[in-house]
Amino acid sequence: MTVHLEVADGVGTLRLDRPPMNALDVATQDRLKELAEEATRREDVRAVVLYGGEKVFAAGADIKEMQAMDHTAMVLRARALQDSFTAVARIPKPVVAAVTGYALGGGCELALCADYRIAGENARLGQPEILLGLIPGAGGTQRLSRLIGPSKAKDLIFTGRQVKADEALALGLVDRVVPAAEVYEQARAWAAKLAQGPALALRAAKESIDTGLETDIETGLAVERNWFAGLFATEDRERGMRSFVQEGPGKAKFL
């Protein structure tokens, strides 16, 4: 298998495993969707790490495979390509990308599906599809512009240039830069901390933010309002407020 889901202590690691560069061929895309949906369903997965290994996150699509496709073939495939990445973006739990080495094209688009991105000092990110006479097709034109703004996104997409970790941090493309050897450890620590949190409230926060970014503010406020009120029916809310009153802030345990 080219993608694995490993679960320990509430954290699921979705690991790409297609040496040497984790090229995202059709089989890998389909497997990614399958495991993202599994991570969504599993109650023992409370947070997720996206990881490509110590040397590379994902260098992009399998160009040799794509070269053999004509227009008809890609018309049939393009939706499935997007759906595999959307399945990751819609995991209703905190998701962090642990980026080492190259995260280009589809690799960058996969990192964009996470809620938070931790990059190694050796990371290189970009959307080089324009250099192939193409545009990003797995959500890059949409998620990148929402994350860093349209002008910066257009610069990266129009030029196809790669950015090093420090520039990616300045652009807001990644959220933290650490030594390459510490990337997975720090990403897992981020996920593990949230895996101890109130699962329904985290889901509500993620859905409210993501929906708000995709719609008008009135709709976003309605989603927030409904989730906010609904959480008053949960045991986690009772536990959190009781702990606050009796012990002070930040001491509630939700597991």
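Look up: the structure comes first, before these words.
Residues numbered from 1 in each chain as written. Predicted model: local features only at pLDDT ≥ 70, side-chain atom pairs only at ≥ 80, totals over all residues. Heavy atoms only, no water.

S.K.: I keep staring at the side chain of Ser84 and nothing clicks. Help me out?
M.R.: Looking at the secondary structure, you find Ser84 in helix H3 (residues 71-89). Filtering out sequence-adjacent residues up to four positions away, Ser84 remains in contact with Gln29, Leu32 and Lys33. (Helix = DSSP H or I, 4+ residues; strand = E, 2+ residues; numbered from the N terminus. Contact = heavy atoms within 4.5 Å.)

S.K.: What's the story with the sheet that holds strand S9 (residues 176-178) in this structure? I'm lost.
M.R.: By way of backbone hydrogen bonds, the strands of a sheet pair with one another, either parallel or antiparallel. A sheet is described by the order of its strands in space; here 6 strands give the open sequence S1-S2-S3-S4-S6-S9, paired in mixed fashion. The open sheet has two edge strands, strand S1 (3-8) and S9, and neither has a second partner. Taken over all neighbouring pairs, the strand axes of this sheet differ in orientation by 20° on average, direction set aside. Sheet analysis places S1 next to strand S2 (residues 11-16), joined by 6 bridges and oriented antiparallel. Note that in S2 the partner of Ala8 across the bridge is Val11. (Pairing = 2+ DSSP bridges. Axes fitted to C-alpha atoms, helices over the stretch in contact; angles between N-to-C directions.)

S.K.: Is there a simple way to think about helix H11 (residues 235-247) in this case?
M.R.: Given 3.6 residues per turn, any residue in an α-helix points the same way as the ones three and four places further on. Between its terminal C-alpha atoms H11 stretches 17 Å, which fits the 18 Å expected from 13 residues at 1.5 Å a residue. For H11, every residue scored as buried is listed here: Asp236, Gly240 and Ser243. Down the axis, H11 shows its buried residues gathered within 70° of arc, on one side only. Of the exposed residues in H11, the ones pointing more than 90 degrees away from its buried face are Glu235, Val245 and Gln246. In this structure, the buried residues of H11 make contact with helix H9 (199-214). (Expected span 1.5 Å × (residues − 1). Buried < 20%, exposed > 50% of the residue type's maximum accessible area, 1.4 Å probe, protein only. Arc of directions from axis to C-beta.)

In short, the description is geometric, and any link to function would need to be established separately.
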